[in-house]
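# Close look at the chain arrangement
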Amino acid sequence: MLVSPDAQGGHLETRGLSLTGKVVDAPLHRHHVALSTYRTDIGLQYLLSDRWMLQANIPYAVKNQDASIEWIDPVSPEEEQAILRSRDIHHRDETYAGLADSDLFLGYTFRRLFKMDDILFARFGTTIPTGKTEENPWKLGDEGMKHLHIQFGTGTFNPIANLQYSLPLYQGLTITASTRGTFPVYENSKTYRGPVELTYTAGFRYRLFDWFSFNGNYLGFYQSAAAWAGERDINTGLRYTMAALGMSLAIPNDISVTANVMFPLTQDTLYDEGDAIEFGTLVSLATSYTF
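The following refers to the structure shown.

Analysis parameters
- Residues numbered from 1 in each chain as written.
- Predicted model: local features only at pLDDT ≥ 70, side-chain atom pairs only at ≥ 80, totals over all residues.
- Heavy atoms only, no water.
- Helix = DSSP H or I, 4+ residues; strand = E, 2+ residues; numbered from the N terminus.
- Buried < 20%, exposed > 50% of the residue type's maximum accessible area, 1.4 Å probe, protein only.
- Contact = heavy atoms within 4.5 Å.
- Areas by Shrake-Rupley, 256 points an atom, 1.4 Å probe, with all protein chains shown as cover.
- Lys, Arg positive; Asp, Glu negative; His and termini not counted.
- Charge placed at Lys NZ, Arg CZ, Asp CG, Glu CD.
- Pairing = 2+ DSSP bridges.
- Salt bridge = Lys/Arg side-chain N within 4 Å of Asp/Glu carboxyl O.
- Phe/Tyr/Trp six-rings, centres within 6.5 Å; stacked < 30°, edge-to-face > 60°.
- Lys NZ or Arg CZ within 6 Å of the ring centre and 35° of its normal.
- Polar contact = N/O pair within 3.5 Å; in protein donor to acceptor, adjacent residues only side chain to side chain.
- Expected span 1.5 Å × (residues − 1).
- Arc of directions from axis to C-beta.

All right, on to the overall build of the protein chain then. The helix and strand inventory of the protein chain stands at 2 helices and 16 strands. Seen through its principal axes, the protein chain has C-alpha atoms that stretch 70 × 35 × 35 Å. Residues counted as buried form 39% of the 291 residues belonging to the protein chain. Within the protein chain, counting contacts between residues at least 6 apart in sequence, those at least 24 apart form 61% of the total. About 16,300 Å² of surface is accessible on the protein chain, with carbon and sulfur atoms providing 60% of the total. The distance from the centre of the 23 positive side-chain charges to the centre of the 33 negative ones in the protein chain is 8 Å.

Put into structure tokens, the structure is as follows:
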């Protein structure tokens, strides 16, 4: 389970919506959006041999959106109502829930690549478009029609590659590194093509007891721009980094529990315009059972 309780976003706006649903000019103001996300992933892993394995992951997400207006220039009562009507077709106080895109992997474990006890786990696969997708929000917005920017999937099968490396050093201390990439190669039936996304980590894990270990990691994320009908989606395209601290417990009956807290370090949008969400502190909790 991953919890993101305080992500924030917004953009300047100079448009309103008339009583007849026509887009009109309005004094400068800002749309502000707060987004809380709660995501639960259910994963299955099946060992085909001591090196080969199949993995599947099915995520379910709940996204709670709060929208407001930050007033900048003076407005008349009529302009205020036009601005509020425009906000309500763009961003609303609503909660959205549903499946996100699933993952399917085939993985292989390499041992003793550089040293006696190191491990490289490589897996390759695809996303499965189980998440709900939306119609082009930019086109609908220009027409003064209600729309949604939040998507639960891409509507396409996207290749995924993931490498995870671990190297034991000394008396329970292990250094770790990983990288994962998702590479959309075509657009869906609603003309949306998802962004390329890259995640990379580097850190350590220290086993203090047989049943307890703690870890620290540096995490980086890169997202290219998505596109609608070949035109760039200005709400996508960002880079961010985080620091993560966590611990793992091994409890009886082949059950393990891991908890992590991730703190934002840097975040930059790749383009000047747009309202890509800025993340706050994230918390994750995972449990696994072997049978």
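From this point, the discussion proceeds with the structure in view.
Once that is clear, we can look at the sheet that holds strand S13 (residues 231-232). Taken in spatial order, the 3 strands of this open sheet run S9-S12-S13, and their pairing is antiparallel. Only two strands of the sheet have a single neighbouring strand rather than two, namely strand S9 (192-193) and S13.

Evaluation of the coordinates by the stated rule reveals 8 salt bridges. For Arg-30, the salt bridge identified is with Glu-70, shortest N-O distance 3.8 Å. Here Arg-30, found in strand S2 (residues 23-47), pairs with Glu-70, found in strand S3 (residues 52-71); they are 40 residues apart in sequence, far enough to count as distant. Overall, the relative accessible area of 26% leaves Arg-30 in the partly exposed class. Judged by relative accessible area, Glu-70 falls into the partly exposed class, the value being 35%. Linking Glu-94 and Arg-92 is a salt bridge whose minimum nitrogen-to-oxygen distance equals 3.6 Å. Residue classification places Glu-94 among the partly exposed positions, given a relative accessible area of 28%.

Next up on the list: the packing of aromatic side chains. Using the criterion set out here, one finds 11 aromatic pairs in the structure. Taking 4.7 Å as the distance between ring centres and 75° as the angle between the ring planes, the aromatic pair formed by Tyr-108 and Phe-110 counts as edge-to-face. Relative to Tyr-240, the ring of Phe-221 lies with its centre 4.9 Å away and its plane at 25°, an arrangement referred to as stacked. Of the two residues, Phe-221 sits in strand S11 (residues 212-223) while Tyr-240 sits in strand S14 (residues 238-251), which places them 19 residues apart along the sequence. There is no split in this pair, since Phe-221 and Tyr-240 are both buried. Taken together, Trp-52, Tyr-108 and Phe-110 form an aromatic cluster joined through their ring pairs. Positioned above the aromatic ring of Phe-105, the side-chain terminus of Arg-123 is 3.9 Å from the ring centre.

What follows concerns the side chain of His-31. Here His-31 is to be found in strand S2. Within the structure, His-31 has its side chain in polar contact with the side chain of His-91 (distance 3.5 Å). Every residue in contact with His-31, bar those within four places of it in the chain, is listed here: Gly-9, Gly-10, His-11, Glu-13, Ser-68, Ile-69, Arg-87, His-90 and His-91.

This part is about the pairing of S11. Every other side chain in a regular strand lies on the same face of the sheet, so the side chains alternate between the two faces. Here strand S10 (residues 197-209) pairs with S11 via 12 bridges, running antiparallel. When the sheet's bridge partners are listed, Arg-205 is paired in S11 with Asn-215. What sits between the antiparallel neighbours S10 and S11 is a turn of 2 residues. Pairing analysis gives 12 bridges linking S11 to S14, with the strands arranged antiparallel. The residue of S14 that forms the bridge with Asn-215 is Gly-246.

Over its 14 residues, helix H1 (residues 77-90) runs 20 Å from end to end, which matches the ideal 20 Å to within 8%, given 1.5 Å per residue. Of the residues making up H1, those classed as buried are Ala-82, Ile-83, Ser-86, Arg-87, Ile-89 and His-90. Projection of H1 onto a plane perpendicular to its axis shows the buried side chains occupying an angular sector of 165°, all on one side. In this fold, the buried residues of H1 make contact with strand S1 (2-17), S2, S3 and helix H2 (137-142).

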